Amino acid sequence: MENIKENNPTTSTENTKVEKANDKQNKPNRKTHPNMFYPVWLAAFLIILTAAVSAGGWYYFGEKYIAGKAEEIRLEEQLDFYKQKAKAQPKDANVLVDLGFTYLKLGDVDSAINNYKRALKIDKNNFNIYLNLGIAYMDAKKYDDAAEALLKATKISPQDYQGFMYLGMAYKEMKMYDKALEQLGKANDIQPGSSTIIYNLGQIAEAREDYQGAADVYKEALMYDPLFKDAIEALERVEKKLK
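Just so it is clear, the structure is predicted and the values come from calculations on it, not from any experiment.

Thresholds, definitions, all that
Residues numbered from 1 in each chain as written. Predicted model: local features only at pLDDT ≥ 70, side-chain atom pairs only at ≥ 80, totals over all residues. Heavy atoms only, no water. Helix = DSSP H or I, 4+ residues; strand = E, 2+ residues; numbered from the N terminus. Buried < 20%, exposed > 50% of the residue type's maximum accessible area, 1.4 Å probe, protein only. Phe/Tyr/Trp six-rings, centres within 6.5 Å; stacked < 30°, edge-to-face > 60°. Polar contact = N/O pair within 3.5 Å; in protein donor to acceptor, adjacent residues only side chain to side chain. Axes fitted to C-alpha atoms, helices over the stretch in contact; angles between N-to-C directions. Parallel < 35°, antiparallel > 145°, perpendicular 65-115°, else oblique. Left-handed = near helix turned anticlockwise from the far one by under 90°. Contact = heavy atoms within 4.5 Å. Nonpolar A, V, L, I, M, F, W, Y, C, P; charged D, E, K, R; others polar. Patch = residues over 30% accessible without salt bridge, like charges linked within 9 Å, V, L, I, M, F, W, Y side chains within 5 Å. Areas by Shrake-Rupley, 256 points an atom, 1.4 Å probe, with all protein chains shown as cover. Salt bridge = Lys/Arg side-chain N within 4 Å of Asp/Glu carboxyl O. Lys, Arg positive; Asp, Glu negative; His and termini not counted. Charge placed at Lys NZ, Arg CZ, Asp CG, Glu CD.

In terms of regular secondary structure, the protein is built from 10 helices and 0 strands. N-terminal to C-terminal, the α/β element order of the protein is α-α-α-α-α-α-α-α-α-α. Within the span of the protein, comprising 243 residues, buried residues form 33% of the whole.

Inspection of every chain in the model, using the stated rule, returns 3 aromatic pairs. Here Tyr199 and Tyr218 contribute two aromatic rings whose centre-to-centre distance is 5.7 Å and whose plane-to-plane angle is 35°, an arrangement assigned as tilted. Of this pair, Tyr199 sits in helix H8 (residues 195-207) while Tyr218 sits in helix H9 (residues 211-224), and the two are 19 residues apart along the sequence. The burial state of Tyr199 is the same as that of Tyr218; both residues are buried. Judged by centre distance (5.1 Å) and plane angle (45°), the ring pair of Tyr199 and Phe228 falls under tilted. Taken as a pair, Tyr199 in helix H8 and Phe228 in the loop between H9 and helix H10 (229-242) lie far apart in primary sequence, 29 residues in all. When its relative accessible area of 11% is taken as the criterion, Tyr199 is described as buried. An aromatic cluster is defined as three or more aromatic residues linked by ring pairs; in this entry it consists of Tyr199, Tyr218 and Phe228.

Here the focus is the environment of Asp178. With respect to the helices, strands and loops of the structure, Asp178 is situated in helix H7 (residues 177-190). Residue classification places Asp178 among the exposed positions, given a relative accessible area of 56%. Once the C-alpha coordinates of Asp178 and Ile204 are considered, the two residues, 26 residues apart in sequence, prove to be 9.3 Å apart. One polar contact links Asp178 to Arg208, side chain to side chain, over a distance of 2.7 Å.

A word on the packing of helix H3 (residues 109-122) against helix H4 (residues 127-139). Across the interface, H3 lies against H4 with an axial gap of 9 Å and an inter-helix angle of 155°. The orientation of H3 with respect to H4, classified from their angle, is roughly antiparallel. Crossing geometry of H3 relative to H4 is assigned as left-handed. Counting all contacts with H3, which are made through Val109, Ile113, Tyr116, Lys117, Ala119 and Leu120, the residues of H4 involved are Ile129, Tyr130, Asn132, Leu133, Ala136, Tyr137 and Asp139. Grouping the amino acids of the contact of H3 with H4 by side-chain chemistry returns 10 nonpolar, 1 polar and 2 charged.

This part is about unusual backbone geometry. Look at Lys141: it is not a glycine, yet its phi comes out positive at around 65°. Along the chain, the position of Lys141 falls in the loop between H4 and helix H5 (143-156). The class of Lys141 is exposed, set by a relative accessible area of 60%. Located in the positive-phi region is Lys175, a residue other than glycine, with phi close to 65°.

Moving on, we come to a negative patch on the surface. A cluster of acidic side chains, namely Glu72, Glu76, Glu77 and Asp80, defines a negative patch on the protein surface. Turning to its location among the elements, Glu72 is positioned in helix H1 (residues 40-88). Look at Glu72 and you get partly exposed, because its relative accessible area is 38%.

Between side chains of opposite charge, a pair can form when the charged atoms approach closely. In the structure shown here, the tally under the stated rule is 6 salt bridges. The partner of Lys152 in a salt bridge is Glu148, with the nearest N and O atoms 4.0 Å apart. You can see Lys152 and its partner Glu148 sitting in helix H5, 4 residues apart, about one turn around the helix. Accessibility expressed as a relative area gives 48% for Glu148, which makes it partly exposed.

Written as structure tokens, this is what we have:
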């Protein structure tokens, strides 16, 4: 989505004498050249509008493009680093987790899952491996596999809310709402005030067509994170259903 800012070409005026041969008969008039007689204010307005749109568009799209490109370059460099590190330390499961996470950030879900599986062959009792594997399976929409991995994560580290939160989210996607509520409730007990946990509770209420309950929960999520975009959109959505 590359945008190139172009400078508007400037026009130069030359002071020339009007030859007498160009008499009134040869001068353009409104009938012969109607497009040459736009009002001055309209021409000025069009020039200003074009400049404003061009400048604003360049700032918005250019800034987003540059930021996105910088992040992509950073991740590619990070990927090369962890590839080399994995070769140098083939028995280090945590390096493979970092490598898998980088693949996931770059959108290569299959490579992420493969590296997490490689890590499990080294360490089958590692919370981070199961947690990240579960998240990767969720990205791949393989919710059964995600739930299996995340359930193991909760057993390895029952004091970490993330395992329960993502497990609840996996059950939610599988429409197993009672199980989802149970796991999200455990996550909320460990980490009260998490806008992500609360938002997912709201999604379950909305899926069950409890729109008033969902609205109340989304409002609670926004109390903790007023800029939570998904919660803002969800609240607007359910409030329309309540009208």
